[in-house]
Amino acid sequence: MQLPSLLLSAAALLGTTVLASSAAHDRQSTTTTTTTLTLRIPASPPVLPNPHALPASTRATLTALGAARAAPLSAANTFVFRDVPAGSYLLDVHCPTVGVMPLRVDVGLRANGDRDGIGKGEAGLEVEVWETFRGGDWGNKGAVVPVSAGGADGGAVVFEARVVGGREYFMERSSFSVLSIFKNPIILLSMVSMALFFGMPKLVENMDPEMRAEWEERQKENPMNAVMGASTGQGVNPLGNFDMAGFLAGSSAKADEGSGGSGNGKGKGENRKKR
Amino acid sequence: MEMTESGEGRKDVLVLLEETEGETVLRRLNAEDGSVVWEFRETTRDVPLQVSTNVEKVFVVYLKGVSGAYNLKVAVLDTLTGKRMDEMVIGSRADVHGKDDVMFVGANSAAPVVAWTDDARQTLRVNVLGTKSRQEFPLPEGTVAVEIHAPHLVQSQPHFLVHSKTATGHRGEVFHVDLKTNIISKAYSLPLLAGPGSFSTSSDGANVYFTRITEDELILLSSQSHGILGRWPLKTGDSKAAAIHGVSEVIKKTGSQDSYAVRAAAVTDTDDWVLIRNGELAWTRPEGMTGGVAATFADIPESEDLARSLEQEAHINPLQAYIHRVRRHLNDLQYLPAYLDSLPIRIISSIRGTDTPSTDGKLVRDSFGFHKLVVLATKRGMIYGLDVGNSGRIVWRKRAFKIQKGSKWDVKGIQADESSGQVTILGANDDYVLLKTDTGEVVGAQAPGPDATTQSTAIVDTLSGPRLIRIGRDGTIGELPVYRAPTQSVVTRGAEGELKGVVFTPNGTTSYESTSWTFSPPQGQRIVNIATRPSHDAVASIGRVLGDRTVKYKYLNPNTLVLAAVNDATHALTVYLLDTVSGQLLSGAKYPGVDATKPIECAISENWFVCTFFGQYSLRDSPAQAIRGYQIVVSDLYESDEANSRGPLGDSPAFSSLEPIDAAAGGAALPSVVSQTYVLGAPVSALQVTQTRQGITSRQLLAYLPQSHGIAGIPRMLLEPRRPVGRDPTPAEAEEGLLRYHPAIEMDPKSVVTHEREVLGVERIIAAPAVVESTSLVFAYGVDVFGTRVAPSFLFDILGKGFNKVALVGTVVALGAGVLLLSPMVRKKQINMRWSASM
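Residues numbered from 1 in each chain as written. Chains lettered and ligands numbered in written order. Predicted model: local features only at pLDDT ≥ 70, side-chain atom pairs only at ≥ 80, totals over all residues. Heavy atoms only, no water.

1. What to know about the confidence of the model for chain B
All names here are of chain B.
- Within chain B, residue pLDDT values average 85, and 93% of them lie at 70 or more.
- Taken element by element, chain B is modelled with least confidence in strand β1 (residues 3-6), mean pLDDT 47, and with most confidence in strand β54 (residues 776-782), mean pLDDT 95.
- Residue range residues 1-8 is modelled with pLDDT below 50. Its contacts to residues more than four positions away, or to other chains, number 37 contacts. (pLDDT = per-residue confidence, 0-100. Helix = DSSP H or I, 4+ residues; strand = E, 2+ residues; numbered from the N terminus. Contact = heavy atoms within 4.5 Å.)

2. Some details on a nonpolar patch on the surface
Residues and elements named next belong to chain B.
- There is a patch of nonpolar side chains on the surface, built from L319, Y322, I323, V326, L330, L333, L336, Y339 and L340 and spanning about 890 Å² of accessible area.
- Sorting the residues of the nonpolar patch by element identifies α2 (318-332) and α3 (336-352) as the ones contributing at least two each.
- Per-element accounting of the nonpolar patch gives the leading share, five residues, to α2.
- Tracing the sequence through the fold places L333 in the loop between α2 and α3. (Patch = residues over 30% accessible without salt bridge, like charges linked within 9 Å, V, L, I, M, F, W, Y side chains within 5 Å. Areas by Shrake-Rupley, 256 points an atom, 1.4 Å probe, with all protein chains shown as cover. Salt bridge = Lys/Arg side-chain N within 4 Å of Asp/Glu carboxyl O.)

3. Considering the packing of aromatic side chains
Residue and element names in this part refer to chain B.
- Enumeration according to the criterion identifies 13 aromatic pairs over all chains in this entry.
- With a centroid separation of 6.1 Å and an interplanar angle of 90°, the aromatic rings of W273 and W283 are classed as edge-to-face. With W273 in strand β23 (residues 273-277) and W283 in strand β24 (residues 280-285), this pair connects stretches of sequence that are ten residues apart.
- When its relative accessible area of 39% is taken as the criterion, W283 is described as partly exposed.
- Summarising the aromatic geometry, the rings of F368 and F370 are spaced 5.6 Å apart at their centres and angled 55° between planes, so their arrangement reads as tilted.
- Accessibility expressed as a relative area gives 35% for F368, which makes it partly exposed.
- Among the residues examined, F370 registers a relative accessible area of 7% and is labelled buried.
- What links up through ring pairs into an aromatic cluster is the set F137, F160 and F175.
- When the ring centre of W608 is taken as origin, the NZ or CZ atom of R716, which lies over that ring, is 4.8 Å away.
- Over the aromatic face of F370 sits the side chain of R789, whose NZ or CZ is 3.9 Å from the ring centroid. (Phe/Tyr/Trp six-rings, centres within 6.5 Å; stacked < 30°, edge-to-face > 60°. Buried < 20%, exposed > 50% of the residue type's maximum accessible area, 1.4 Å probe, protein only. Lys NZ or Arg CZ within 6 Å of the ring centre and 35° of its normal.)

4. Describing the sheet that holds strand β49 (residues 685-689) of chain B
Residue and element names in this part refer to chain B.
- The three strands lie next to each other as β49-β50-β51, forming an open sheet whose pairing is antiparallel. Of all strands in the sheet, those with a lone pairing partner are β49 and β51 (710-715), marking the two edges. Strand-to-strand, the axes of this sheet are offset by a mean angle of 20°, without reference to chain direction.
- Examined bridge by bridge, β49 and strand β50 (residues 700-705) share three bridges and lie antiparallel to one another. Bridging across to β50, S685 finds its partner in Y704. (Pairing = 2+ DSSP bridges. Axes fitted to C-alpha atoms, helices over the stretch in contact; angles between N-to-C directions.)

5. With respect to helix α4 (residues 209-221) of chain A
Residue and element names in this part refer to chain A.
- In this model α4 runs 19 Å from its N-terminal to its C-terminal C-alpha over 13 residues, within 8% of the 18 Å that 1.5 Å per residue would give.
- By the burial criterion, the buried members of α4 are R212, E216 and Q219. Seen end-on, α4 carries its buried residues on one side only, within an arc spanning 50°. Facing away from the buried side of α4 by more than 90 degrees, the exposed set consists of E210, M211, R218 and E221. (Expected span 1.5 Å × (residues − 1). Arc of directions from axis to C-beta.)

6. Description of helix α3 (residues 185-206) of chain A
Residue and element names in this part refer to chain A.
- Compared with the 32 Å implied by 1.5 Å per residue over 22 residues, the 31 Å span of α3 between its first and last C-alpha is a close match.
- For α3, the principal kink sits at G199 and spans about 35°; a proline, P201, occurs within the next four residues.
- Capping the start of α3 is the job of one residue whose side-chain oxygen sits 3.2 Å from the backbone nitrogen of I186: N184. (Bend = angle between axes of the 7 residues up to and from the residue. Polar contact = N/O pair within 3.5 Å; in protein donor to acceptor, adjacent residues only side chain to side chain.)

7. As for the nonpolar core
- The biggest cluster of nonpolar side chains holds 32 residues, and the ones touching the most others in it are L37(A), F79(A), F81(A), L91(A), V105(A) and F159(A).
- Setting aside residues no more than four positions away along its own chain, V105(A) makes contact with L37(A), G87(A), S88(A), Y89(A), L91(A), V127(A), E128(A), V129(A) and F159(A). (Core = buried A, V, L, I, M, F, W, Y, C linked by side-chain atoms within 4.5 Å.)

8. Let's talk about the pattern of salt bridges
Residue and element names in this part refer to chain A.
- Applying the stated criterion across every chain yields a total of 41 salt bridges over all chains.
- Residue R162 pairs with E131 through a salt bridge whose shortest N-O separation is 2.7 Å. Residue R162 is found in the loop between β11 (157-160) and β12 (163-166), and its partner E131 is found in strand β9 (residues 126-131); the two are separated by 31 residues along the sequence.
- Judged by relative accessible area, E131 falls into the buried class, the value being 9%.

9. With respect to the sheet that holds strand β17 (residues 198-204) of chain B
Residues and elements named next belong to chain B.
- On the basis of which strands lie adjacent, the open sheet formed by four strands has the order β17-β18-β19-β20 and antiparallel pairing. Here the strands that pair on one side only, and so sit at the sheet edges, are β17 and β20 (228-233). Strand-to-strand twist of the sheet, defined as the mean angle between neighbouring strand axes without regard to direction, takes the value 20°.

10. Some points on the pairing of strand β16 (residues 184-194) of chain B
Residue and element names in this part refer to chain B.
- Two elements, strand β15 (residues 169-177) and β16, share eight bridges in a ladder whose sense is antiparallel. In the strand pairing of β16, F175 is matched with K186.
- Count of turn residues in the β15/β16 antiparallel hairpin: six residues, of which N182 carries a positive phi of about 60°.

11. A short note on unusual backbone geometry
Residue and element names in this part refer to chain A.
- Although it is not a glycine, N77 sits at a positive phi angle of roughly 60°.
- Take N77: it is sitting in the loop between β3 (67-72) and β4 (78-85).
- The class for N77 is buried, based on a relative accessible area of 5%.
- Even without being glycine, D83 reaches a positive phi, approximately 55°.
- Its place among the elements puts D83 in strand β4.

12. Some points on the side chain of K552(B)
Residue and element names in this part refer to chain B.
- Position of K552 among the secondary structure elements: in strand β41 (residues 551-553).
- One buried charged residue, K552, forms no salt bridge at all, with the nearest opposite charge on D641 at 5.9 Å.
- Once you skip the residues sitting within four places of it in the chain, K552 turns out to touch G543, R544, L546, Y638, S640, D641, A643 and R722. (Lys, Arg positive; Asp, Glu negative; His and termini not counted.)

13. A few points about the environment of S223(B)
Residues and elements named next belong to chain B.
- Checked against the element boundaries, S223 lands in the loop between β19 (217-222) and β20.
- The buried category is assigned to S223, whose relative accessible area is 1%.
- Every residue in contact with S223, bar those within four places of it in the chain, is listed here: Q157, H159, V174, H176, Y188, V208 and F210.

Given below as C-alpha cells:
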C-alpha cells in the first residue's frame, strides 16, 4: 500500500527537476545559437476535422543544402525540431492521408525588425515562415505564416501548417447500371420513335369510327400521306409492289411510283369497305 | 546502446550512448516528448555495456581494462538527478574477455544481477548489482552458450534461470537471490532435453513462471519449485518449429486451483515468428524476410516430361509417333475428372472476378505470365522462394548458411538460369549457393570465407549462355576458360575508384583479361552512383513520330551507362554518359548546389536516363531566381538534333564504338541530348524502370518514397523533356501527348502502387516482363517485401477485373429472349403484309 504513494511523490519531485533541468538545457543551447521550431497541424474541417486521426508515420522534414532533419508526429499533433541553426529551410510534411502546403522557414536571417508574424526564437534568432510553391522561385514567397513564441520549452516558436487536401489512393470503378442506359439521349430518342411505331396503329384502331373516318380523310389530303401510311404500317410497303424484273427490264419506275401512291389510298378505302 | 525503462510514475527512458573518442553518455529522456532530463558523462575509455536500475538507483555497467582482460566496473547513479553516488570494480582478476562473455544484465527487478562466464564456458560468475561480491557456479559439461532469464518487475521475486545450451540439447538451472544478504543460491535444476529450446519468464505479481518450449512440448514451471504446472504437446502442423528465443505470458485461471493458460511468442531457427497458445499454433509470420539483400525473378521451370515426349515424337517414324501421341492423350484422360471437378469453381470465380488460387500447391505457368517465382536472399542467410502469382505464397525456404550474430550475409549477385532452372547466388566472401528454382533444393554451396574478396558481380554473355561472374576487389576478374569468358567488355571499378573497361582475349582454352579503357573522374570528384541498362530492355520503335509526321530517331546504343560524380567541396554534381565499349564520354551535365549527403540516384532505359538529387541553386539564365528541393533530371537521347535525320551514321546498318565514322565534326557519333528538370514533391530512391515484353507499353519510373513509405510509379509521359516551356502545346504537340511544362511534380496518390500500405525501408525494386505486353511484374525488397503488377498503359490486352461478365451474359440473354418474343409477332406481321400486298 505504501509503494504507490511513494511513487507518486517521486513523480511530483521528478516534475520539478524536469523543469529545472530543461531550463538548464536551454541556457546551454543559447551558446550555440540554435532554436527550437514547433510545427502544429491544426484541425482543418473539410479534410481533417480531427488532427489526432493523422497516421503515426506522419513526419516532417527540414531540408537545406547539407542539412536534413526529420521530426516524428507528437501526441499533441506537433513536430518539434530542436537545435536548429540559422539558415533558410524547406519544411515538408509527409503524410499518407493528407497533403500539407510546403513552408519556407528562415531562421535568424533578419538582422532586426518587429513586423507582425515574426517570432523571436532563442538567442535572438528570428524565425520567419512563408508558404512556398514547389518548383517556383525560392524568393517568391507566399502568404506569411504567423509565428508565435511558446511551445513545450520556453523560448521556442510555434507555427501552423495548412492542410490543402486529402489524398485519394483509389479511383472509383464505374459500375454498370440499367438506368445509365436509359439516360443516354440516343436510346431515349429511339424509344420515343419505337413507341410511335407501335402505339399509333393501336390508337387509330381504338378511335371512334366517325373520328377515324374524318382523320383518314385528312390523311388522304396530306402530302405526307404516303410516308405516314408507310410508317404507321397501315398501307402497303412501298417496296412491296416493287417489280424487280420490270425495273431490270428498264420499264418506267416513275410511273410505277405514281400508281403505287394512288393505289395506296384505294387499298385503304377497300379495306374499310370490306369491314 | 541500451534502453531501459525506469519504473517511475512516468516511465522515462534511459539511453546509454557511445560517442566518439571513447566518451559515453547516459541520458534520461522524458517519456512524453523525448527531452533530456539529465545526462551523465563518462570520459574514461571504458567499454560501455548496459544500463540497469533497481527502485532507487541506476547502474551503468562498463568493461574496464584492456582487450581480452576486462574487469566489470559499475557506476551507481541517483535516479532523480543522475549524480554519481558510487563506483565499484567487481572482482580483482581481469576475468572478462569481451562483450560477448557478459550474458545478462538484469533491470528493473528488485535485485538486478550481472552475469558473465569465462571463455571456456565452464563457470558462471554472478554479481548482484550494487554489491562488490561475486559468486561462482560451475556450468554443466559441454556448454557452448548461456542465457539468463529473469523477471523485469520490481514486485517479482528475485529468481533467475540459467539456460545453458550444449551442442545437442539444453538445460536450465534456477537460482534464488536473498534480498537481505544478497546471497545467490541454486534452487533446482531442470533436466537436459535434446534439441534446441527456449526459456522465457513471465511474472504475475510476486510469482515468477518459466515457460520452456522444446521441440515437441510447452512446459510451464514455477520459480519456486521444480514441479511442472502444466504441459502441452506442441501442435505446429507440418512446419517444425525449433524455438530459439521467446517471451511468454502466463495467466492463472480463476476458480480452479492449478490451471494455467500460456501464450508464448518465439523466434524459430528458420527466422519465423510464431505465437503458441497453450501448445497450439495461433499464427506464424515469416519475419526472416526482413532484411532482403538480393532478389530475382525466375520462371517456373516447365515440366520436363512434356518437352521430352514432344521431342521424342519429332524424332521417330510417323506411325510410332502417332501411337505414342494417342497413348499420351489416353494417359492424359486420367486428369479429366479433376479438370471437370474444378470447372464450376473456375467459372464462378471468373464471373466474380476473383483470381483462381492454385491451392493444390502445384507450380504451373499461366498464359499471362503472372506466375513467376521470386528468389529472395536475406542478410540472415535465409533464401525464400515466393510465388508471385499467388500473393507471394512462400513456396520453399532454405537456410543457406549460419550467419554469425552481428554479421550479415553480403550477397553480391543473384542470377536465375532459365534453361537449367537453377539460381546462383554469389556472396562477397568467396561463397556461393546454387539451388533449384522450384524446390529450393541446394545443388552446390560453399561457405563464406574469412575475407571479402569480391567487389561485385556481373551477368555477362558467354559462349555457354549468360553467366554470373565474380569481380575481385581491385576490379580484376582473372583468367577464365574460353567457354566461360564474357564476350563483351565488362566495366569494373579499379583500386582508386576509377572505371575500367575489361575485355577478354582467348588464347588456347583460356581467356586473359586486359584493360581496354579507364575513366577517372576529375580531381575532387567522387562517383556516387552508376546506372546500367536493364538486361531486358525491349525497344518497340527506333524513332518517335512527331505531330507533324516527321520522325526523331532514338539514340539506341546498348553499351551505355550513366555515372554520377559529386564534388564535395563545390557541391557540384556531374552526370556522365559513357560508352562502355570504348570508354568514350558521350554526354555530360553539371549541376551546382547538389547535396551529396542526400541520395543521388540514376536510372537508364531505352533512349533516356534520369537522375535525382537535392539541389539548391540559382538558375543559369536568370540568376535572380533560385530553386530548392528534390529534383529529377530526365534526358532524352536522339541521333540528331533535327527530325527526319539519322545523324552522322546515316542509314548504315552497323556502327562501332571503336572505329568511329568520319563525321564532319570528327570523332564518334555523339547523341543529341534534350534535358529537362522537375522538382519533386518528395525525395525518391531505388529507381527502376518498368519492363514489358516488347517495350510497346509506355514506361513508368518506379521509385521508393522514403518519407511516406510508398512506391510511386511516375509515368514517363510526365517526365518528358520535350514538354513545351512557357506556352501551351500547339495542336501538333498535343497530338504527340505533350503537356505544358510545369516544374513541380507532386506525387499523385493514384500513381502510388503500394496504395495506402506502408512499405518500410525498400532498398531495391526489381521489374520483369510478363507474357502479356501491358503488364510488368514488380518486386521491392529491403526491410519489407512488396510485390505487384503494374500496367503503365492500362490493361489493354486482358480483361480487367472491372469487366462485368454478369452484365455481358445478361445482355445476351435479354437480347435472345427479346428475339424469341418478337419473332412470332414479326412473322405474323410479315404474313399479313404479304396477304394484303397481293390484293
